[in-house]
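Spelled out from the first residue to the last, the chains are:
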Amino acid sequence: MPFSSTTPIISGVQLENMGIIAWESVVAGSAVNEGIMPRVGYTVLAVIIGVFSVFGIVLNVAVVVVTLRHRALRQPLNFALVSLAVADLGCAVCGGLPTTLTNAMGYFSLGRAGCVLEGFAVAFFGIAGLCSVAVIALERCLVVCRPVGSLSFSCRHAVAGVALAWLWSFLWNTPPLFGWGRFELEGVRTSCAPDWYSRDWANVSYIICYFLLCFALPFSVILVSYARLLWTLRQVSRLEMSEGGSTSRAETQVACMVVVMVMGFMLTWLPYAAFALSVILDPDLYIDPVIATVPMYLAKSSTVFNPIIYILMNRQFRERAVPLLLCGRNPWAGDPGDSESDTTVSSVSRSNKISPDPLTRD
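Residues numbered from 1 in each chain as written. Predicted model: local features only at pLDDT ≥ 70, side-chain atom pairs only at ≥ 80, totals over all residues. Heavy atoms only, no water.

Peer 1: Is there a simple way to explain the state of the cysteines in this structure?
Peer 2: Two cysteines, two sulfur atoms, one covalent bond between them: this is a disulfide. For the structure on display, the rule yields one disulfide. Bridging Cys 115 to Cys 192, the disulfide has an S-S length of 2.0 Å. Taking the sign of the S-S torsion, about -120° here, the bridge from Cys 115 to Cys 192 comes out left-handed. In this pair, Cys 115 is assigned in helix 4 (residues 111-145) and Cys 192 in strand 2 (residues 191-194), connecting sequence segments 77 residues apart. Residue class for Cys 192 comes out buried when judged on its relative accessible area of 2%. No disulfide involves Cys 91; its nearest neighbouring cysteine sulfur is the one of Cys 94, lying 8.3 Å away. (Disulfide = S-S within 2.5 Å. Helix = DSSP H or I, 4+ residues; strand = E, 2+ residues; numbered from the N terminus. Buried < 20%, exposed > 50% of the residue type's maximum accessible area, 1.4 Å probe, protein only.)

Peer 1: I keep staring at the packing of helix 3 (residues 79-105) against helix 4 and nothing clicks. Help me out?
Peer 2: Packed helix pairs are specified by the crossing angle of their axes together with the interaxial distance, meaning the distance between the axes. As a packed pair, helix 3 and helix 4 sit with axes 8 Å apart at the nearest point and diverge in direction by 155°. Regarding the angle of helix 3 to helix 4, the classification is roughly antiparallel. Regarding helix 3 and helix 4, the two cross each other, and that crossing is left-handed. Judged by residue contacts, Ala 80, Leu 81, Ser 83, Leu 84, Val 86, Ala 87, Gly 90, Cys 91, Cys 94, Gly 95, Pro 98 and Thr 99 of helix 3 engage Glu 118, Ala 121, Val 122, Phe 125, Ala 128, Gly 129, Ser 132, Val 133, Val 135, Ile 136 and Glu 139 from helix 4. Among the residues forming the contact of helix 3 with helix 4, the class breakdown is 15 nonpolar, six polar and two charged. (Axes fitted to C-alpha atoms, helices over the stretch in contact; angles between N-to-C directions. Parallel < 35°, antiparallel > 145°, perpendicular 65-115°, else oblique. Left-handed = near helix turned anticlockwise from the far one by under 90°. Contact = heavy atoms within 4.5 Å. Nonpolar A, V, L, I, M, F, W, Y, C, P; charged D, E, K, R; others polar.)

Peer 1: Could you clarify how one ought to interpret the confidence of the model for the protein chain in this entry?
Peer 2: Note: predicted coordinates in regions of low pLDDT should not be interpreted at a detailed level. Averaged over every residue, the pLDDT of the protein chain is 79; the share at 70 or more is 77%. Element-level mean pLDDT values for the protein chain span from 38 in strand 4 (residues 354-355) up to 95 in helix 5 (residues 155-173). For residues 1-29, every residue scores under 50 in pLDDT, and the model assigns this stretch 54 contacts once sequence neighbours within four places are set aside. pLDDT under 50 marks residues 337-362. Its contacts with residues more than four places away, or in other chains, come to 68 contacts. (pLDDT = per-residue confidence, 0-100.)

Peer 1: Even after reading the chapter, I still don't get the pattern of salt bridges, so can you show me in this structure?
Peer 2: Once their charged atoms are close, side chains differing in charge can pair, the charge on each being opposite to the other. All chains considered together, the criterion is met by three salt bridges. We note a salt bridge from Arg 112 to Glu 184, for which the minimum N-O separation is 3.6 Å. Residue Arg 112 is located in helix 4, and its partner Glu 184 is located in strand 1 (residues 183-186); the two are separated by 72 residues in the primary sequence. Relative accessible area serves as the criterion here: at 9%, Glu 184 is assigned to the buried category. (Salt bridge = Lys/Arg side-chain N within 4 Å of Asp/Glu carboxyl O.)

Peer 1: Explain the nonpolar core here, please?
Peer 2: Nonpolar side chains tend to gather and get buried jointly when the protein is soluble and globular. Membership of the largest hydrophobic core comes to 74 residues, with the highest contact counts inside it found for Trp 196, Tyr 210, Phe 215, Tyr 226 and Tyr 310. If you tally residues by element for this core, the top one is helix 4, at 18 residues. (Core = buried A, V, L, I, M, F, W, Y, C linked by side-chain atoms within 4.5 Å.)

Peer 1: What is the right way to look at a nonpolar patch on the surface in this model?
Peer 2: On the surface, a nonpolar cluster with roughly 280 Å² of combined accessible area is contributed by Val 54, Val 58, Leu 325 and Leu 326. On the secondary structure map, Leu 325 appears in helix 10 (residues 315-325). Exposure remark for Leu 325: the relative accessible area of 31% places this residue in the partly exposed category. (Patch = residues over 30% accessible without salt bridge, like charges linked within 9 Å, V, L, I, M, F, W, Y side chains within 5 Å. Areas by Shrake-Rupley, 256 points an atom, 1.4 Å probe, with all protein chains shown as cover.)

Peer 1: Where do I start with unusual backbone geometry in this structure?
Peer 2: Leave glycine aside and you will find that most residues have negative phi; peptide bonds, for their part, are mostly trans. For Arg 189, which is not glycine, the phi torsion reads 70° and is therefore positive. Among the structural elements, Arg 189 can be located in the loop between strand 1 and strand 2.

Peer 1: Help me understand helix 4, please; the structure alone is not making it clear to me.
Peer 2: An α-helical turn contains 3.6 residues, so any two residues separated by three or four positions project in the same direction. Spanning 35 residues, helix 4 covers 50 Å between terminal C-alpha atoms, matching the ideal 51 Å at 1.5 Å per step. Among the 35 residues of helix 4, 29 are classified as buried, and the element is accordingly described as predominantly covered. Backbone geometry just after helix 4 places Arg 146 at a positive phi near 50°. (Expected span 1.5 Å × (residues − 1).)

Peer 1: Teacher, can you tell me more about the environment of Leu 138 here?
Peer 2: The topology assignment puts Leu 138 in helix 4. Judged by relative accessible area, which is 40%, Leu 138 ranks as partly exposed. For the pair formed by Leu 138 and Tyr 226, sequence separation is 88 residues and the distance between their alpha carbons is 8.0 Å. Those residues in contact with Leu 138 that sit more than four places away from it in its chain are Val 221 and Ser 225.

Peer 1: I keep staring at the pairing of strand 1 and nothing clicks. Help me out?
Peer 2: Two faces belong to every sheet, and in a regular strand the side chains alternate between them. Bridge analysis of strand 1 against strand 2 gives four bridges, and the strand direction is antiparallel. For Phe 183, the partnering residue across the bridge sits in strand 2 and is Pro 194. Here strand 1 hands over to strand 2 after four residues, with Gly 187 in that stretch at a positive phi of 55°. (Pairing = 2+ DSSP bridges.)

Peer 1: Honestly, the packing of aromatic side chains in this entry has me stumped. Any pointers?
Peer 2: How two aromatic rings sit relative to each other is given by the distance of their centres and the angle of their planes. Scanning all chains against the criterion turns up 19 aromatic pairs. With a centroid separation of 6.4 Å and 40° between ring planes, the pair formed by Tyr 272 and Phe 275 is classed as tilted. One end of the pair, Tyr 272, and the other, Phe 275, are both in helix 7 (residues 249-281), three residues apart, so they sit about a helical turn from each other. Neither Tyr 272 nor Phe 275 differs from the other in exposure class; each is buried. Taking the ring centre of Tyr 297 as reference, the NZ or CZ of Lys 300 above it sits at 5.8 Å. (Phe/Tyr/Trp six-rings, centres within 6.5 Å; stacked < 30°, edge-to-face > 60°. Lys NZ or Arg CZ within 6 Å of the ring centre and 35° of its normal.)

Here is the structure:
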């Protein structure tokens, strides 16, 4: 999203007319964009995104390493979790580290080709991760709620879900490389993303399709899947209580994890989606570049929150990843109450109890 460093308010039409001139001025002028934000502000942003990038790389590398080391983790229901870790790792390396550098310099120093490559990489890995979250939600709904009857979740199903997530992201992020849509500087002009502001019809048509199919669709799948999961757990709980029983600890843990997952998704991605939708609906809407940067950085922070929520809250992964990260120490070792890892991929048994899926057993 291009912003001028000298003009306080720029409309969508002005941005489109001045796009080339504004870009050339940024490339030619190796100076801090102090018209947008003082030098100290860029330094603070560099520290923030640098910290998120380092933690994101460390956590997601740990997930990949423990998966490769331990055969017990290489189960079909864990494929989407590893896919999410790989996507977050790519986003942190290809987006977080370059943005740290450009923020430290105070301007985008990678040129037009660098902007396109960085914008494509971040969008590709970001949407692949978002689609992986949708796949995780859908798989849990299918296995727990059994909407299509008794489902034997196999390696073929898991691979198909992961492949679909990556192919879908690739399909909708490559058009700007060939002229349908484009990548431009965004926020405080130190990183690149799809151009939400241009009113060129080709770009507008791409942005509308991109928003609906890469934001709205995965978001709907996540909400519907987890809503169905919570409803199923609620029905099981009511049945047990009507028979004189009580809600099991496993059911409560599953419900809590679902809430945490949805809230984590909404915290990191919903602000960016809302920002994009606002610009699409009102191209003349002015949003201060510093304020516009907040939802972008929240979305990039998902590279840290995702492994914490989806992996480290899973006992199977945590028991192997934590010792790797803490040099052999595990504060949660031997905790018998941690059954949430099993129940996150559990199924509703014929007796209407939540029971661990045998595929996740070591």
